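# Overview (structure and organization)
What follows is the residue order along each chain.
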Amino acid sequence: MILPTPVDLVPAAGRFTLTARTTVRADGEAAAVADLLRTLLRPATGLPLAPGPDGTVVLALDPAERALGEEGYRLTVDPFQVVLLAARPAGLRHAVQTLRQLLPPEALADRPVPGVEWTLSAVRITDRPRHAWRGFMIDTARHFQPPERLLAAVDRMALHKLNVLHLHLTDDQGWRLPVDAYPRLTEVGAGRRSSMVGHAGSTRYDGLPHHGAYTKAELRHLVRYAADRGVTVVPEIDMPGHTRAALAAYPHLGNRPERRLDVWTDWGVCETVLGVHEEVFAFCRTVLDETMELFPSRYVHLGGDECPSTEWEQAPAARRRAAELGLAEPARLRGWFLGEVGRHLLDAGRTPICWAEADGATLPAEFTVMPWRDAEHGREAARRGHDIVMAPHRATYLDYPQSDRPGEPLGQAEYVVDLPTAHAHLAAPAHWTEDERARVLGTQAQLWSEFVTTAEHFDYLAYPRLCAIADRAWNPASDYARDFLPALAAHRPRLAALGVHHAEHV
């Protein structure tokens, strides 16, 4: 049983056992994927899987296999050899992850496991994903997620054939991205004196300082590490709202430059937003230039959601700018602001992406949109000509409770996103038109970190719901009872071998 569920899997007779004498044949670009195979299997198995011209494990690339697409693969195991075939390296990496799951669960451990026979049951698999974007958003701003946690997340994403790590790096409660031109962003913006206890609106605080920022070296290492495993890191720099941490560092970028702010200690939506004067756009361009230098991904996320217009309505400069632009009201500055900043990304050859909002803002068609409030917002964006990545909160927000049991940890909302709900999510619903479905790049899970302070809690919220979302993103034909649940039962020992503290009651 494999997760995500393969499109076509046919069991066969016999088995193949990896031993110390097993060699691997891989030429050209396939050699790098063979190195990944060794990297992943050696800690538990101790097997050298040495290169050899007559290797009985074969990794091969054949561009003529166009039906497999960018990420598809064929994997054949018989008593005499194991063959991994793909048209592109991305597909070959997915074949490696499937091979890992065909082995005993102990193969996923990070330390030697003696006494295990590393046997693969004979099988023929032909597999390819339905959606090109299969992502996981990790919020590092509310609570800093240390580099080692992100690296572990990448490894687990790759196992589940998720290929986009959306990294939320800045918000009201913390700025985690180093920017050489604006050092106070991390000197001041990376720390807060306390954190709210409970949901937004609470009057209780923990009194514990919280601080964290990445170095450029750490982020470059993360990008390389992820790329080696077939995962692209997409950075998110939130604007024009969710910027309290930046304004604590540089008050002149706000609508009341004389005001001195702290990094926000509350949860929820802060009314403090960027101003709309030219110095703000110079700041945004510089920050994005340094972001693009660190992250080579095609996409750069601008946030763009939950931007209260209160300050713009009160600030003479913002009201004047709205009038000069012929906007009906200052609230319309949000769409204009994103268009201005997005143009800078487009000029640099990148694609801006932002969260969808229901304020009627018109964005350039080149923007990719991420609907989070409601699936119908995605449909509306598709009709306007936007590519979309579906992220509806009632199906993909892993910080929501996963059950209504009395002992369930505090969740971000009153909605329960249980395992059946997560698996039921379809990125491209059947009732949409063909043109609308064609605009869907894929889908992703979200893990906002207001309450995520430990690795154990991170794992508990993510798994096994992330397995469910990965399953349907890869293979929408997977049935919850017939396919997913039996596969998950076989998958839980793998999660245990990886040291994942997953929820076992769902």
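Every value quoted in this text rests on a predicted model; they were computed, and no experiment measured them. (Residues numbered from 1 in each chain as written. Predicted model: local features only at pLDDT ≥ 70, side-chain atom pairs only at ≥ 80, totals over all residues. Heavy atoms only, no water.)

## Brief notes about the packing of aromatic side chains
Ring pairs (aromatic) are described by centroid distance and by the angle formed between their planes. Scanning the model with the defined rule gives 14 aromatic pairs in all. A centroid spacing of 5.3 Å and a plane angle of 85° characterise the contact between Y182 and Y250, whose relative ring orientation is edge-to-face. With Y182 in the loop between β11 (174-175) and α4 (184-187) and Y250 in the loop between α6 (244-249) and α7 (278-294), the pair connects residues that are 68 residues apart, well separated along the chain. Relative accessible area serves as the criterion here: at 16%, Y182 is assigned to the buried category. Plain terms: the ring middles of W355 and W448 are 5.8 Å apart, the flat faces sit at 45° to each other, and that makes the pair tilted. (Phe/Tyr/Trp six-rings, centres within 6.5 Å; stacked < 30°, edge-to-face > 60°. Helix = DSSP H or I, 4+ residues; strand = E, 2+ residues; numbered from the N terminus. Buried < 20%, exposed > 50% of the residue type's maximum accessible area, 1.4 Å probe, protein only.)

## Quick notes on the side chain of D471
Looking at the secondary structure, you find D471 in helix α16 (residues 465-474). Buried and unpaired, D471 has R472 as its nearest opposite-charge partner, separated by 6.2 Å. Residues contacting D471, with those up to four places away along its chain left out, are L3, P4, T5, H423, S478 and F484. (Lys, Arg positive; Asp, Glu negative; His and termini not counted. Salt bridge = Lys/Arg side-chain N within 4 Å of Asp/Glu carboxyl O. Contact = heavy atoms within 4.5 Å.)

## Some points on the pairing of strand β16 (residues 351-355)
Within β16, 5 of the 5 residues are buried, which leaves it mostly tucked inside the rest of the structure. Every second residue of β16 is oriented toward a common face, with T351, I353 and W355 on one face and P352 and C354 on the other, all of them buried. Relative to β16, strand β15 (residues 299-303) runs parallel, the two sharing 3 bridges. Residue pairing in the sheet places Y299 in a bridge with T351 of β16. Note: β16 against strand β17 (residues 368-370), 3 bridges, orientation parallel. The partner of C354 across the bridge, within β17, is V369. (Pairing = 2+ DSSP bridges.)

## Some remarks on the nonpolar core
Among the nonpolar cores identified, the biggest contains 104 residues, and F136, W175, L177, L185 and F337 are the most heavily contacted of them. With 8 residues, α7 is the largest single contributor of residues to this core. L40, A95, A107 and W118 belong to the second-largest nonpolar core, a separate cluster that totals 36 residues. (Core = buried A, V, L, I, M, F, W, Y, C linked by side-chain atoms within 4.5 Å.)

## With respect to the sheet that holds strand β4 (residues 57-61)
On the basis of which strands lie adjacent, the open sheet formed by 7 strands has the order β1-β7-β5-β6-β4-β2-β3 and mixed pairing. The open sheet has two edge strands, β1 (8-18) and β3 (50-51), and neither has a second partner. Taken together, the 3 bridges between strand β2 (residues 23-26) and β4 define a ladder with parallel strand orientation. Within the sheet, the bridge partner assigned to R25 lies in β4 and is V58. Relative to β4, helix α1 (residues 30-45) is tilted by about 145°, and along the sheet it contacts β1, β2, β3, β4 and β7 (118-127). (Axes fitted to C-alpha atoms, helices over the stretch in contact; angles between N-to-C directions.)

## Points about the environment of E106
When you line up the elements, E106 lands in the loop between α2 (89-102) and β7. Between the C-alpha atom of E106 and that of A44, which follows or precedes it by 62 residues, the distance is 6.9 Å. Those residues within four positions of E106 in sequence are excluded, and the remaining contacts are A44, V113, V116 and W118.

## Structural notes on the pairing of strand β6 (residues 82-86)
β6 sits mainly inside the fold: 4 of its 5 residues count as buried. Sheet topology note: the β4/β6 ladder contains 5 bridges and is parallel. Opposite L59, over in β6, you have L84 as the bridge partner. Here strand β5 (residues 73-77) runs beside β6; their pairing, made up of 4 bridges, is antiparallel. Pairing of T76 across the sheet is with V83, part of β6. The antiparallel pairing of β5 with β6 creates a hairpin that spans 4 residues between the two strands.

## Quick look at the side chain of E436
Along the chain, the position of E436 falls in helix α14 (residues 434-438). Discounting chain neighbours no more than four positions away, the residues touching E436 are R379, A382 and R383.

## A word on the packing of α7 against helix α10 (residues 333-347)
Where α7 contacts α10, the two axes come as close as 10 Å, and the packing angle between them is 40°. It follows that α7 is oblique to α10 by the angle criterion. With respect to the hand of their crossing, α7 and α10 are arranged in right-handed fashion. Where α7 approaches α10, its residues V280, F281, C284, R285, L288, D289 and M292 are matched on the opposing element by W336, F337, E340, V341, H344 and L345. Residues belonging to the contact of α7 with α10 are distributed by class as follows: 9 nonpolar, 1 polar and 3 charged. (Parallel < 35°, antiparallel > 145°, perpendicular 65-115°, else oblique. Left-handed = near helix turned anticlockwise from the far one by under 90°. Nonpolar A, V, L, I, M, F, W, Y, C, P; charged D, E, K, R; others polar.)

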